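Architecture at a glance
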Amino acid sequence: VLKLSQSPRIGFEVLGLSDNAPRTKNMEEKALEVYDVIRTIRDPEKPNTLEELDVVTEKCVEVQELGEDEYLVIIKFSPTVPHCSLATLIGLCLQVKLERCLPFKHKLEIYISEGTHSTEEDINKQINDKERVAAAMENPNLRDIVEQCVTESDD
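Note that the coordinates shown come from a computational prediction; the quantities given were computed from them, not determined experimentally.

Describing the nonpolar core
Ranked by size, the top nonpolar core spans 39 residues in total, and within it Val34, Ile38, Val56, Val61, Ile75, Phe77 and Leu94 carry the most contacts. For this core, the secondary structure elements donating two or more residues are α1 (21-38), β3 (61-67), β4 (70-77), α2 (87-101), β5 (105-112), α3 (120-127), α4 (130-138) and α5 (140-150). Take this core: its biggest share by element is eight residues, from α2. Ignoring sequence-local partners within four residues, the contact set of Phe77 consists of Val55, Val56, Ala87, Ile90, Gly91, Leu94, Ile110, Tyr111, Ile112, Ser113, Thr116 and Ile127.

Have a look at this one:
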């Protein structure tokens, strides 16, 4: 038996059922979609993917609705060691692959998980600065490394 109560805002609502349930489910689906894109990125130093190294997990992806059909995608990744010299490059790989592959309109924020890197604040600024990202991708050596990391392998 469902109890109905009158709400001045929407007439009648079902008590105990959230109006946000479909929206929350949609955000969870979007987050899984994002995770599927980033999990196969290869580590710049190792032959493993970021998923295999636990640099990215399903829990590191958050999606928020900004407007109709526009989303904020937040990634918080964890480098394998607190002094990882390639953390900025990993952030760049995440940035490039998501910009190329996400099928929906989005804004992107990428961060190192709090407490997982000795210079996380500086790196967070770098990987979220569009001009620095664009400049980095103009460097042919860096671009080649990023391409190797973001290109899907055929195994």
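Focus on the packing of α2 against α4
Direction vectors running N to C along α2 and α4 enclose 95°, while the axes themselves pass 11 Å from each other. Comparing their axes, α4 and α2 come out roughly perpendicular. On the side of α2, the interface is formed by Leu92, Gln95 and Val96, while α4 contributes Val133, Ala136 and Met137.

Some remarks on the packing of aromatic side chains
Tallied over the full model, the rule gives one aromatic pair. Between the aromatic rings of Tyr71 and Phe104, the centroid separation amounts to 5.3 Å while the plane-to-plane angle is 80°, which identifies the pairing as edge-to-face. In this pair, Tyr71 sits in strand β4 while Phe104 sits in the loop between α2 and β5, placing the two residues 33 residues apart along the sequence.

Comments concerning the environment of Ser78
Locating Ser78 in the fold gives a position in the loop between β4 and α2. Separated by 24 residues in sequence, Ser78 and Asp54 have C-alpha atoms that sit 7.4 Å apart. With residues up to four places along the chain from it excluded, the contact list for Ser78 reads Asp54, Val55, Ser113 and Thr116. Within the structure, Ser78 has its side chain in polar contact with the side chain of Ser113 (distance 3.2 Å).

Brief notes about the sheet that holds β5
If you trace the three strands from one edge of the open sheet to the other, you get β3-β4-β5, paired in mixed fashion. Of all strands in the sheet, those bounded by a partner on one side alone are β3 and β5. When the angles between neighbouring strand axes are averaged without regard to direction, this sheet yields 20°. Bridge count for β3 against β4 is six bridges, and the pairing is antiparallel. When the sheet's bridge partners are listed, Glu65 is paired in β4 with Tyr71. Its contacts with the sheet put α2 on β4 and β5, and the angle it makes with β5 is roughly 165°. Strands in contact with α3 are β4 and β5; relative to β5, the strand with the most contacts, it is inclined by about 160°.

Parameters and conventions
- Residues numbered from 1 in each chain as written.
- Predicted model: local features only at pLDDT ≥ 70, side-chain atom pairs only at ≥ 80, totals over all residues.
- Heavy atoms only, no water.
- Core = buried A, V, L, I, M, F, W, Y, C linked by side-chain atoms within 4.5 Å.
- Buried < 20%, exposed > 50% of the residue type's maximum accessible area, 1.4 Å probe, protein only.
- Helix = DSSP H or I, 4+ residues; strand = E, 2+ residues; numbered from the N terminus.
- Contact = heavy atoms within 4.5 Å.
- Axes fitted to C-alpha atoms, helices over the stretch in contact; angles between N-to-C directions.
- Parallel < 35°, antiparallel > 145°, perpendicular 65-115°, else oblique.
- Phe/Tyr/Trp six-rings, centres within 6.5 Å; stacked < 30°, edge-to-face > 60°.
- Polar contact = N/O pair within 3.5 Å; in protein donor to acceptor, adjacent residues only side chain to side chain.
- Pairing = 2+ DSSP bridges.

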